[in-house]
Amino acid sequence: STQSTGDHCAKMRRLLGIRQVCTQPALTNLEQALSTTGVFDQMTITSAVRRDIERQFEINTDELPESLVHMVSKHAKAPISSFNVGAAGLGESGSIYLGFNMEFPGVPISATVHGEQFLLTNAFLRNETRMEAVAVNAAPCGHCRQFMNELPGASALRLLVRDQRAQTLADLLPFSFGPADLGSETPFLTEFTHGMVHSSNDQAVSMAVAAANRSYSPYTGSFSGISLSCQGNIFVGSYAENAAYNPSMPPLQAALVALRSGGVRDFSLIERAVLVEREGAAVQHASSTRDILTQLAPQAQLEHLIIC
């Protein structure tokens, strides 16, 4: 019978470790519901909302992130590659964080924010402490595999790509080079405070200092953060370093993730930026920040503050 055949297929999928995602009509309804509630502006689904979605659409927690990645990819900014990446990750808190790639014409391609980087930076900004699974609409590139290798319990992180067997990051990044190779025992998503102090009544300055204090720089100690003022709101980003260095996330790109995750889609609306860096830091961001802002928001004023 049709039912027994369907049951057999479902059993085989479970045995093979292949997850089932929503049917197309259900996906359409889910996307409409999420759009109406602003999920693709905030780029986050709280644990309570996630549970409601799972009940309403009869989908389990593993299947939901995979059902989201195609929807999320529609919001990508990929004017250079024309390849839209969508990512959705489940945090230990039960919340789901979304991400997509952002490319910026007129600046070096290294300024690009990868989809998985967006997702993890989004999780960091919202104080997530651990990721359990990451779903992507295409296999993660080497850059992103390396970036994810900074996470707590990175080797056991489950990676979900539609219609493929679930794998761990260790499966996709064998013989990896990571934090332990450089003597670091404190992973990304850990809560930091670096003791950087600057007295100011200027909220944008104070928030940039706080972002620098939260930054993740276990290899060079180049603590830095930035605040972006836009339409009466202030968004912040913290530097996130990587053991392989190149996949590191600069503070400006992290703040752009915060800006987009705050519902701002037009980066030309940025009015002011305050970059805070540690005096004598081996890695500095002032020149690259200025160059990128010149392209994205020519009218924005950049202030650079060095703290001992």
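This text follows the structure it describes.
A few points on the structure. (Residues numbered from 1 in each chain as written. Predicted model: local features only at pLDDT ≥ 70, side-chain atom pairs only at ≥ 80, totals over all residues. Heavy atoms only, no water.)

**Here's the deal with the sheet that holds strand 7 (residues 224-230)**
The strand order across the open sheet built from four strands is 8-7-9-10, with neighbouring strands paired in mixed fashion. The open sheet terminates on both sides in strands that have one partner only, identified here as strand 8 (233-238) and strand 10 (301-307). Each adjacent strand pair in this sheet contributes to an overall mean axis angle of 15°, direction not counted. Bridge count between strand 7 and strand 8: six bridges; the pairing is antiparallel. Bridged to Ile226 within strand 8 is Gly237. (Pairing = 2+ DSSP bridges. Helix = DSSP H or I, 4+ residues; strand = E, 2+ residues; numbered from the N terminus. Axes fitted to C-alpha atoms, helices over the stretch in contact; angles between N-to-C directions.)

**Here's the deal with the layout of surface pockets**
By volume, the largest pocket is sized at about 460 Å³. Together, 21 residues line the largest pocket, and Ser110, Ala111, Asn246, Ser248 and Pro250 are the ones closest to its centre. If one sorts the elements of the lining of the largest pocket by residue count, helix 11 (residues 286-296) sits on top with three residues. Here the lining of the largest pocket is built from residues that sort into ten nonpolar, ten polar and one charged. (1 Å grid on protein atoms, 1.4 Å probe; cavity = no way out; pocket = protein on both sides within 12 Å on 5 of 7 lines; lining within 4 Å. Points joined across faces, edges and corners; volume = space filled by probe spheres on them. Nonpolar A, V, L, I, M, F, W, Y, C, P; charged D, E, K, R; others polar.)

**A closer look at the sheet that holds strand 5 (residues 158-161)**
A sheet is described by the order of its strands in space; here six strands give the open sequence 1-3-2-4-5-6, paired in mixed fashion. Edge positions in the open sheet fall to strand 1 (44-45) and strand 6 (167-168), since each of these has one partner strand only. Bridging between strand 1 and strand 3 (residues 96-100) involves two bridges; their strand directions are antiparallel. Directly across from Ile45, in strand 3, lies its bridge partner Ile96.

**Section: the environment of Phe147**
Along the chain, the position of Phe147 falls in helix 7 (residues 142-148). Relative accessible area serves as the criterion here: at 3%, Phe147 is assigned to the buried category. The sequence separation of Phe147 and Gly225 amounts to 78 residues, and the corresponding C-alpha distance is 19 Å. Apart from the residues within four sequence positions on either side, Phe147 is in contact with Gln117, Leu120, Thr121, Phe188, Ala240, Asn242, Pro247 and Met249. (Buried < 20%, exposed > 50% of the residue type's maximum accessible area, 1.4 Å probe, protein only. Contact = heavy atoms within 4.5 Å.)

**Digging into the environment of Asn101**
Structurally, Asn101 is set in the loop between strand 3 and helix 6 (115-125). Using a relative accessible area of 5% as the deciding quantity, one classes Asn101 as buried. Spatially, the C-alpha atom of Asn101 lies 5.4 Å from that of Ala76, the residues being 25 residues apart in sequence. Those residues within four positions of Asn101 in sequence are excluded, and the remaining contacts are Ala76, Lys77, Ala78, Ser81, Phe83, Asn84, Val85, Val113, His114 and Gly115. For Asn101, the side chain forms a polar contact with the main-chain nitrogen of Val85, separated by 2.8 Å. (Polar contact = N/O pair within 3.5 Å; in protein donor to acceptor, adjacent residues only side chain to side chain.)

**Here we look at the pattern of salt bridges**
Scanning all chains against the criterion turns up seven salt bridges. Here Arg158 ties to Asp62 by a salt bridge, and the two come within 3.0 Å at their closest N and O atoms. Taken together, the residues span a long stretch of sequence, with Arg158 in strand 5 and Asp62 in the loop between helix 4 (47-57) and helix 5 (63-73) at a distance of 96 residues. On the basis of relative accessible area, Arg158 is assigned to the partly exposed category, the value being 27%. Its relative accessible area of 25% is what places Asp62 among the partly exposed residues. Arg272 is the partner of Asp202 in a salt bridge, and the nearest nitrogen-oxygen pair spans 2.7 Å. Of the two residues, Asp202 sits in the loop between helix 8 (169-172) and helix 9 (203-214) while Arg272 sits in strand 9 (residues 272-278), which places them 70 residues apart along the sequence. One network of salt bridges, in which partners are shared, links Asp202, Arg272 and Glu303. (Salt bridge = Lys/Arg side-chain N within 4 Å of Asp/Glu carboxyl O.)

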